[in-house]
Amino acid sequence: MSLLEVKNVSKSFASGRDFLGRRTKWSHAVKDVSFSLEAGECLAVVGESGAGKSTVGRIALRLIEPDTGSITFDGVDVRAAKPAELRSMRRGMQMIFQDPHSSLNPRMTVVDAVVEPLIVHTDMGRGEREKLATAMLDKVGIGSRYFGRYPAELSGGQLQRVAIARALTLNPKMIVCDEPVAALDVSVRAQVLNLLRDLQEELGLAYLFVCHDLALIEVIADRVLVMARGEVVESGSVEDIFRRPQQEYTRTLLDAIPVPVPRSVRGQEFEGVRAEPVS
Ligand SMILES: Nc1ncnc2c1ncn2[C@@H]1O[C@H](COP(=O)(O)OP(=O)(O)OP(=O)(O)O)[C@@H](O)[C@H]1O
Ligand SMILES: [Mg+2]
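Because the structure is predicted, anything quoted here is derived from the model rather than measured. (Residues numbered from 1 in each chain as written. Chains lettered and ligands numbered in written order. Predicted model: local features only at pLDDT ≥ 70, side-chain atom pairs only at ≥ 80, totals over all residues. Heavy atoms only, no water.)

A.B. asks: Whenever I open this one, the overall build of the chain confuses me. Can you help?
C.D. replies: The helix and strand inventory of the chain stands at 10 helices and 10 strands. In terms of C-alpha radius of gyration, the chain reaches 19 Å, essentially the compact-globule figure of 19 Å for 279 residues. Its C-alpha atoms give the chain principal-axis dimensions of roughly 55 × 55 × 45 Å. In the chain, the proportion of contacts linking residues at least 24 apart, taken out of those at least 6 apart, comes to 67%. Approximately 13,800 Å² of the chain is accessible, and the part contributed by carbon and sulfur atoms is 48%. (Helix = DSSP H or I, 4+ residues; strand = E, 2+ residues; numbered from the N terminus. Rg over C-alpha atoms; globule rule 2.2 N^0.38 Å. Contact = heavy atoms within 4.5 Å. Areas by Shrake-Rupley, 256 points an atom, 1.4 Å probe, with all protein chains shown as cover.)

Here it is as structure tokens:
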């Protein structure tokens with residue numbers, strides 16, 4: 001059984017209203033999407049803007065309720081879960097957002113941001129919580145001098161590291177990463193991506209990795225789900241998608257990569273994107 005199974009999921013949003021405010025038009029954000037994610041695996045979700053990538057990630061966590069379809073996480077029916085079940089399930093599934101400036105509370109210190117999920121979900125004592133939080137911050141490379149600081153005092157890359165530490169404290173099985181490096185300076189993207197990859201290997205995490213930048217996908221993903229206009233166009237191993245794309249849409253996405261894709265995948269550090277095109 002897969003860690004996450006999504007079957008025939010659809011979701012429409014109202015896209016127009018009449019003069020009485022009644023919803024008149026509905027458009028599919030996601031249409032009949034199915035996929036699975038194995039424990040410890042990274043599945044990249046790619047596709048152009050508006051393809052439905054973020055909606056799929058949010059549906060998987062039940063942050064958005066789909067209209068139809070089924071979702072199973074770790075053997076539990078996500079859509080049928082009662083509040084208590086959902087709460088305990090949420091310990092196992094976390095999310096990292098694109099912009100850490102808006103995902104972290106500006107009035108909470110770094111260490112408190114990482115401690116907070118432990119207050120909500122565990123009965124750990126204060127000392128124990130802080131010990132775990134500081135160990136996590138250490139793991140993601142945040143020095144102790146930052147522990148008492150506020151988000152405004154940290155760089156985007158540092159903040160994303162804090163968000164990662166916060167997502168890890170409850171020892172999740174899966175993290176939905178929605179464009180986790182897209183908002184960061186190009187110079188720190190590779191570092192944060194390498195950190196995510198190392199943590200995945202060390203902790204056996206599964207990632208649902210939403211990303212429109214295919215150059216990053218080859219570094220971190222095992223399989224790829226290609227989406228267009230809410231539907232799955234094609235899916236396969238990274239190797240298959242990059243070397244033997246079956247669909248024209250996928251080929252177009254690959255052709256749009258402005259720089260050479262790093263050749264090797266795991267086991268080597270990703271040096272970042274080279275500036276000059278290579279013919
Ligand atoms: N809350 C919402 N209300 C109305 N429409 C929505 C909502 N969320 C998403 N949509 C629409 O659903 C479609 C898919 O959106 P989604 O955010 O999932 O795309 P995406 O692939 O993540 O795009 P991007 O790369 O720009 O982040 C879009 O047409 C979007 O406008
Ligand atoms: Mg999105």
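A.B. asks: Where do I start with helix H6 (residues 156-168) in this structure?
C.D. replies: Count 3.6 residues to each turn of an α-helix, and residues three or four apart come out pointing the same way. For H6, spanning 13 residues, the distance from its first C-alpha to its last is 18 Å, which sits close to the expected 18 Å at 1.5 Å a residue. With 11 of 13 residues buried, H6 is to be regarded as a mostly interior element. Those residues of H6 lying buried are Gly157, Gln158, Leu159, Gln160, Arg161, Val162, Ala163, Ile164, Ala165, Ala167 and Leu168. Looking at the buried side of H6, the elements it contacts are strand S6 (93-96), helix H3 (100-103), helix H4 (110-121), helix H5 (126-139), strand S7 (174-178) and helix H7 (186-203). (Expected span 1.5 Å × (residues − 1). Buried < 20%, exposed > 50% of the residue type's maximum accessible area, 1.4 Å probe, protein only.)

A.B. asks: How should I be thinking about the packing of H6 against H7 in this particular structure?
C.D. replies: Helix-helix packing is characterised by the crossing angle of the two axes and by the distance between the axes. Interaxial distance between H6 and H7 falls to 10 Å at its minimum, and their mutual angle equals 15°. As summarised for this structure, H6 and H7 are arranged roughly parallel, according to the angle between their axes. Where H6 crosses over H7, the handedness of that crossing is right-handed. Across the interface between the two elements, Gly157, Gln160, Arg161, Ile164 and Leu168 from H6 touch Val188, Gln191, Val192, Leu195, Leu196, Leu199 and Leu203 from H7. (Axes fitted to C-alpha atoms, helices over the stretch in contact; angles between N-to-C directions. Parallel < 35°, antiparallel > 145°, perpendicular 65-115°, else oblique. Left-handed = near helix turned anticlockwise from the far one by under 90°.)

A.B. asks: Honestly, the site of ligand 1 in this entry has me stumped. Any pointers?
C.D. replies: Neighbouring ligand 1 are the residues Phe13, Ala29, Glu48, Ser49, Gly50, Ala51, Gly52, Lys53, Ser54 and Thr55. In this structure, an oxygen atom belonging to ligand 1 sits 2.7 Å away from a side-chain N or O atom of Lys53. Within the side chain of Ser54, a nitrogen or oxygen atom sits 2.8 Å from an oxygen atom of ligand 1. A total of 630 Å² of accessible area belongs to ligand 1 in isolation, and the protein chains cover 55% of it. Its residues assigned to classes, the shell around ligand 1 comprises 3 nonpolar, 5 polar and 2 charged. (Near = heavy atom within 4 Å. Polar contact = N/O pair within 3.5 Å; in protein donor to acceptor, adjacent residues only side chain to side chain. Nonpolar A, V, L, I, M, F, W, Y, C, P; charged D, E, K, R; others polar.)

A.B. asks: Please explain the nonpolar core as it appears in this structure.
C.D. replies: As a rule of thumb, nonpolar side chains are buried together in soluble globular proteins. Within the largest apolar cluster, 55 residues are counted, with the highest numbers of intra-cluster contacts made by Leu137, Ile164, Tyr207 and Phe209. One finds Val33, Leu37, Met89 and Ala206 within the second-largest nonpolar core, a separate group that totals 31 residues. (Core = buried A, V, L, I, M, F, W, Y, C linked by side-chain atoms within 4.5 Å.)

A.B. asks: Please clarify how the sheet that holds strand S5 (residues 76-77) should be interpreted in this entry.
C.D. replies: In a beta sheet, neighbouring strands are held together by backbone hydrogen bonds and run either parallel or antiparallel to one another. Strands sit in the order S2-S1-S4-S5 across an open sheet of 4 strands; the sheet is antiparallel. Taken across any chain shown, the strands that pair with only one partner, and hence form the sheet edges, are strand S2 (23-37) and S5. Pairing of strand S1 (residues 4-17) with S2, which is carried by 10 bridges, proceeds in the antiparallel orientation. Its bridge partner lying in S2, Ser12 is registered against His28. (Pairing = 2+ DSSP bridges.)

A.B. asks: I tried to follow the state of the cysteines on my own but got confused; where do I start?
C.D. replies: Disulfides are covalent bonds that link the sulfur atoms of two cysteine residues. Considering all chains together, one arrives at 0 disulfides under this definition. Distance from the sulfur of Cys42, which forms no disulfide, to the nearest cysteine sulfur (Cys177) is 7.2 Å. With no disulfide of its own, Cys211 lies 9.3 Å from the sulfur of Cys42, the closest cysteine sulfur. Relative accessible area serves as the criterion here: at 3%, Cys211 is assigned to the buried category. (Disulfide = S-S within 2.5 Å.)

A.B. asks: In this structure, what is going on with unusual backbone geometry? I would like to understand it.
C.D. replies: As a rule of thumb, non-glycine residues mostly have phi less than zero, and peptide bonds are mostly trans rather than cis. In this structure, Asn171 is a non-glycine residue whose phi angle is positive, near 55°. Positioned with a positive phi, Glu179 is a non-glycine residue whose angle comes to about 50°. Mapped onto the secondary structure, Glu179 falls in the loop between S7 and H7. Overall, the relative accessible area of 10% leaves Glu179 in the buried class.

A.B. asks: Where do I start with the sheet that holds strand S3 (residues 42-46) in this structure?
C.D. replies: As summarised here, the arrangement of the 6 strands in space is S6-S7-S8-S3-S9-S10, forming an open sheet in which the pairing is mixed. Of all strands in the sheet, those bounded by a partner on one side alone are S6 and strand S10 (231-237). Here the strands of the sheet are splayed against their neighbours by 15° on average, with no regard to which way each runs. Where S3 lies against strand S9 (residues 223-228), 4 bridges are found, and the strand directions are parallel. The partner of Val45 across the bridge, within S9, is Leu225. With respect to the sheet, H6 is in contact with S6 and S7, its orientation differing from that of S6 by roughly 175°. Lying over the sheet, H7 contacts S3, S6 and strand S8 (206-210), oriented at roughly 155° with respect to S8.

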